[in-house]
Amino acid sequence: MPALRTHDEGVVFQTAQIITHLRKQKYNADYDLSAKQGADTMAFISLLEEKLLPALIHTFWVDAKNYVEHTRRWYAEAIPFPLNFFIPNQIHKRHLERLQLIRGESWREEDEALEKQLYVDAEECLTLLSCRLGGHSFFFGESPASLDAHVFSHLALILSVKLPSNRLQQHLKSLSNLCQYCSSILSIYFTRDGGDYSLPGPQLRLSPGPCS
């Protein structure tokens, strides 16, 4: 995942390949962006991968309580027997290796100081995103671009999943403009059986966040 079923190329996997396929079909969310906005897009996507993604991996796959009570059970219920006994643990191991690649050889699963730094970096990233969004509907004005897709895919996961331990959710809920941003995208672009998806918690008015 993610995967896109197409008429001409079969199933296309991975985000970069899906985006490339869509651009070949003349679908490009960044068509109207300036060169500076394009550079900003790359910079913020790199920021997400460097600062927010490691904390997300830790939240779902390394935090023992979250992994045992939520993530492993979530995957095991969706995977047929007997694979449900093996695949979650294999994914768990891959994510540990991925986190070590991202954070360097010095990272250790039981290192509390490095774990704390993961979440400090992630919270700083969320605050920066809130500052950049300000009071706008999307990051580059009133229409969504690829950066919005990247950001939303991370934020909606943080907000919507109920975990025993979710430090990122606590911090994100303090950034009202990002919460409203996610709620707005869900209501506009994601519907199910004629109804709207909704995020937990109160519906917040759009505000410029903590940097105004």
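Residues numbered from 1 in each chain as written. Predicted model: local features only at pLDDT ≥ 70, side-chain atom pairs only at ≥ 80, totals over all residues. Heavy atoms only, no water.

Here helix H4 (residues 87-103) spans 24 Å end to end across 17 residues, near enough to the 24 Å set by a 1.5 Å rise per residue. Buried-residue contacts for H4 involve helix H2 (35-62), helix H3 (64-78) and helix H5 (112-133). Count one or two residues on from H4 and you reach Gly104, which has phi positive near 95°. (Helix = DSSP H or I, 4+ residues; strand = E, 2+ residues; numbered from the N terminus. Expected span 1.5 Å × (residues − 1). Contact = heavy atoms within 4.5 Å.)

Residues Leu52, Leu129, Phe139, Val151, Leu155, Leu168 and Tyr181 are the most contacted members of the largest nonpolar core, which totals 45 residues. Elements with a minimum of two residues in this core: H2, H4, H5, helix H6 (146-160), helix H7 (167-173) and helix H8 (176-189). No other element matches the twelve residues that H2 contributes to this core. (Core = buried A, V, L, I, M, F, W, Y, C linked by side-chain atoms within 4.5 Å. Buried < 20%, exposed > 50% of the residue type's maximum accessible area, 1.4 Å probe, protein only.)

Turning our eyes to something else, we now look at the packing of H2 against H3. When two helices pack together, their arrangement is given by the angle between the helix axes and the distance between those axes. Orientation of H2 relative to H3, taken along the N-to-C sense of each, is 80°, at an axis distance of 6 Å. As the angle between them shows, H2 and H3 are arranged roughly perpendicular. In this structure, H2 contributes Thr59, Phe60, Trp61 and Val62 to the contact, and H3 contributes Ala64, Asn66, Tyr67, His70, Thr71, Trp74 and Tyr75. Here the contact of H2 with H3 is composed, by residue class, of seven nonpolar, four polar and no charged. (Axes fitted to C-alpha atoms, helices over the stretch in contact; angles between N-to-C directions. Parallel < 35°, antiparallel > 145°, perpendicular 65-115°, else oblique. Nonpolar A, V, L, I, M, F, W, Y, C, P; charged D, E, K, R; others polar.)

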